[in-house]
Amino acid sequence: MATVVTVTSGKGGVGKTTSSASFATGLALRGYKTVVIDFDVGLRNLDLIMGCERRVVYDLINVINGDASIKQALIKDKRVDGLFILPTSQTKDKDALNLEGVGRVIDELKQEFDYIVCDSPAGIEHGALAALYYADAAVVVTNPEVSSVRDSDRILGIMQSKSRRAERGDAPIKEHLLVTRYDAGRVERGEMLTLQDVQEILAVKMIGVIPESETVLTASNLGQPVVLAPESIAGQAYQDAVARFLGEERELRFLKAERKGLLSRLFGGG
């Protein structure tokens, strides 16, 4: 049976779409047939990060409205077997995302895929609620900053009360925490929350910590999920997060500030 995983955040700019792309790609690399859906109607970005923006013909709203079939709208990734993208509309209003239509799309995708990853808009507006409603599991993306963590706490509350599982009295959505843009040096200087602080506030199982890395921006500009850059620490951290989501035990890495040697400090080298 397919699992619906919603990647969400309370605040914009935390790396949620970047995480959705790498998370879906990581699942496909593990051999699971995976589709990632963009729910951010009007602000479509997932296709850019996945490098398929020129291949978009039909989108999620076309499918919901009956203007195209799912097969017409799905884009097959050229790099990873078993990975597909369902983009959304850049021009339609968010109200086009009605729950009944989203449910039909997800039910059809469940017949073919192992994982359906929903890239939710930030916050608690209509698109975010539509992305959360059918979730079996959620990855809450947050930065180690007070405002981001507080907004994530709000999203967790909405998940526990407004999902279909909550309405039916079913088992709750399985919650997972992904901390992004982690800068160990700033944490040590007291400029960011510690991971212990974040965990104490949110009380959700942490599946990954993604360090601040230029590779993330570079990969996004190239239209390539950073998980496909295995030599980078961010790529490795996303691989670890996917493994933990799938139940593997892996120690958290990249949590300490890099110490420069004497020559580096003297001459400014990396």
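What comes next is a walk through the structure. From a predicted model like this one, the values you see are computed outputs, not experimental measurements.

What to know about the overall build of the protein chain
For step 1, the next point in the chain: Each helix and strand in the protein chain was counted, giving 13 helices and eight strands.
For step 2, the next point in the chain: Relative to its length of 270 residues, the protein chain is compact, with a C-alpha radius of gyration of 18 Å against a globular reference of 18 Å.
For step 3, the next point in the chain: Along the first, second and third principal axes, the C-alpha set of the protein chain runs to 65 × 40 × 35 Å.
For step 4, the next point in the chain: Within the span of the protein chain, comprising 270 residues, buried residues form 53% of the whole.
For step 5, the next point in the chain: Restricting the contact set of the protein chain to residue pairs at least 6 apart, pairs at least 24 apart contribute 75%.
For step 6, the next point in the chain: Side-chain charges in the protein chain split into 33 positive and 37 negative, and the spacing between the mean points of these groups amounts to 2 Å.

Topic: the packing of aromatic side chains
The geometry of an aromatic ring pair is captured by the separation of the ring centres together with the interplanar angle, meaning the angle of the planes.
For step 1, the next point in the chain: Under the defined criterion, the tally for this structure stands at five aromatic pairs.
For step 2, the next point in the chain: Taking the centre distance of 5.0 Å and the plane angle of 80° together, the rings of Phe23 and Phe245 count as edge-to-face. Here Phe23, found in helix H1 (residues 16–29), pairs with Phe245, found in helix H12 (residues 233–245); they are 222 residues apart in sequence, far enough to count as distant.
For step 3, the next point in the chain: Centre to centre, the rings of Tyr32 and Tyr115 are 5.3 Å apart; their planes meet at 85°, and the pair counts as edge-to-face. Note that Tyr32 is positioned in the loop between H1 and strand E2 (34–38) and Tyr115 in strand E5 (residues 115–119), a separation of 83 residues in sequence.
For step 4, the next point in the chain: For Tyr115, a relative accessible area of 12% translates into the label buried.
For step 5, the next point in the chain: Members of the aromatic cluster, each reached through a chain of ring pairs, are Phe23, Tyr32, Tyr115 and Phe245.
For step 6, the next point in the chain: Across from the ring centre of Phe113, 5.2 Å away, lies the NZ or CZ of Lys33, which sits over that ring.

Notes on H1
For step 1, the next point in the chain: The terminal C-alpha atoms of H1, which comprises 14 residues, lie 20 Å apart, in line with the 20 Å expected from a rise of 1.5 Å per residue.
For step 2, the next point in the chain: Of all 14 residues making up H1, 13 are buried, and the element is well covered by its neighbours.
For step 3, the next point in the chain: Following H1 by one or two positions, Gly31 has its phi on the positive side, about 100°.

Considerations on the packing of helix H7 (residues 146–162) against helix H10 (residues 195–202)
For step 1, the next point in the chain: Closest axis-to-axis distance for the H7/H10 pair is 10 Å, and the angle between their directions is 30°. Between H7 and H10, the angle falls in the class roughly parallel. Judged by the twist between their axes, the crossing of H7 over H10 is right-handed. Between H7 and H10, the residues in contact are Val149, Ser152, Asp153 and Leu156 and Val198, Ile201 and Leu202, respectively.
For step 2, the next point in the chain: Split by residue class, the contact of H7 with H10 holds five nonpolar, one polar and one charged.

Observations regarding the sheet that holds E2
For step 1, the next point in the chain: Pairing is mixed across the open sheet formed by eight strands, whose spatial order is E3-E4-E2-E5-E1-E6-E7-E8. Each having just a single partner strand, strand E3 (75–76) and strand E8 (206–211) make up the two edges of the open sheet.
For step 2, the next point in the chain: Pairing between E2 and strand E4 (residues 83–86): four bridges, direction parallel. Each residue of the ladder has a partner; that of Thr34, found in E4, is Leu83.
For step 3, the next point in the chain: The sheet contacts of helix H5 (residues 99–110) involve strand E1 (3–8), E2, E4 and E5, and relative to E5 the element is tilted by about 150°.
For step 4, the next point in the chain: Along the sheet, H12 makes contact with E1, E5, strand E6 (137–142), strand E7 (174–182) and E8, crossing E8 at roughly 175°.

A word on the nonpolar core
For step 1, the next point in the chain: In terms of nonpolar packing, the biggest core is built from 35 residues, with Phe23, Met50, Val139 and Phe245 touching the most fellow members.
For step 2, the next point in the chain: Ranked by residue count, the leading element in this core is H12, at six residues.
For step 3, the next point in the chain: Those residues in contact with Phe245, other than ones at most four positions away along the chain, are Val5, Phe23, Leu27, Tyr115, Ala137, His176 and Ile207.

Notes on unusual backbone geometry
For step 1, the next point in the chain: Its identity as a non-glycine residue notwithstanding, Ala203 has a phi of 55°, on the positive side.
For step 2, the next point in the chain: For Ala203, the position within the fold is in the loop between H10 and E8.
For step 3, the next point in the chain: Classification of Ala203 as exposed rests on a relative accessible area of 64%.
For step 4, the next point in the chain: The backbone of Phe254 shows a phi angle near 60°, a positive value even though the residue is not glycine.

Rules behind the numbers
- Note that residues are indexed from 1 along each chain, following the sequence as it is written.
- This being a predicted model, a pLDDT of at least 70 is required before a residue's local features are given, and a value of 80 or more before pairs of side-chain atoms are given or counted; all residues contribute to the totals for chains, interfaces and linings.
- By convention in this description, side-chain values take in all heavy atoms of the structure and omit both hydrogens and water.
- Counting from the N terminus, the helices are DSSP H or I runs at least four residues long and the strands are E runs at least two residues long.
- Each radius of gyration reported is based on C-alpha atoms, and the globular scaling rule is 2.2 Å times the count of residues to the power 0.38.
- Accessible area is worked out with a 1.4 Å probe on protein chains only. A residue is then buried under 20% of its type maximum, exposed over 50%, and partly exposed in between.
- Should any heavy atoms of two residues lie within 4.5 Å, those residues are counted as being in contact.
- Within this scheme the basic residues Lys and Arg register as positive and the acidic residues Asp and Glu register as negative, but His and the chain ends are omitted.
- Every charge is mapped onto a representative atom, which is NZ of Lys, CZ of Arg, CG of Asp or CD of Glu.
- Stacked, edge-to-face and tilted are the three classes for Phe, Tyr and Trp ring pairs, Trp counted by its six-membered ring, which pair at centre distances within 6.5 Å; planes under 30 degrees apart are stacked, over 60 edge-to-face, the rest tilted.
- Here, a charge over a ring means that NZ of Lys or CZ of Arg falls within 6 Å of the ring centre while also lying within 35 degrees of the ring normal.
- Helix span, expected: 1.5 Å multiplied by one less than the number of residues in the helix.
- A fitted line through C-alpha atoms represents every axis, and for helices the fit uses only the stretch in contact; the resulting angles, taken between N-to-C directions, go from 0 to 180 degrees.
- These descriptions rest on fixed angle ranges, namely under 35 degrees for roughly parallel, over 145 for roughly antiparallel, 65 to 115 for roughly perpendicular, and the rest for oblique.
- For a crossing to be left-handed, the near helix must be turned anticlockwise from the far one by less than a right angle; the clockwise case is right-handed.
- Each residue is assigned to one of three groups, with Ala, Val, Leu, Ile, Met, Phe, Trp, Tyr, Cys and Pro labelled nonpolar, Asp, Glu, Lys and Arg labelled charged, and all others, Gly among them, labelled polar.
- Strands qualify as paired when DSSP identifies two bridges or more between them.
- We call a set of buried Ala, Val, Leu, Ile, Met, Phe, Trp, Tyr and Cys residues a nonpolar core when their side-chain atoms join them within 4.5 Å.

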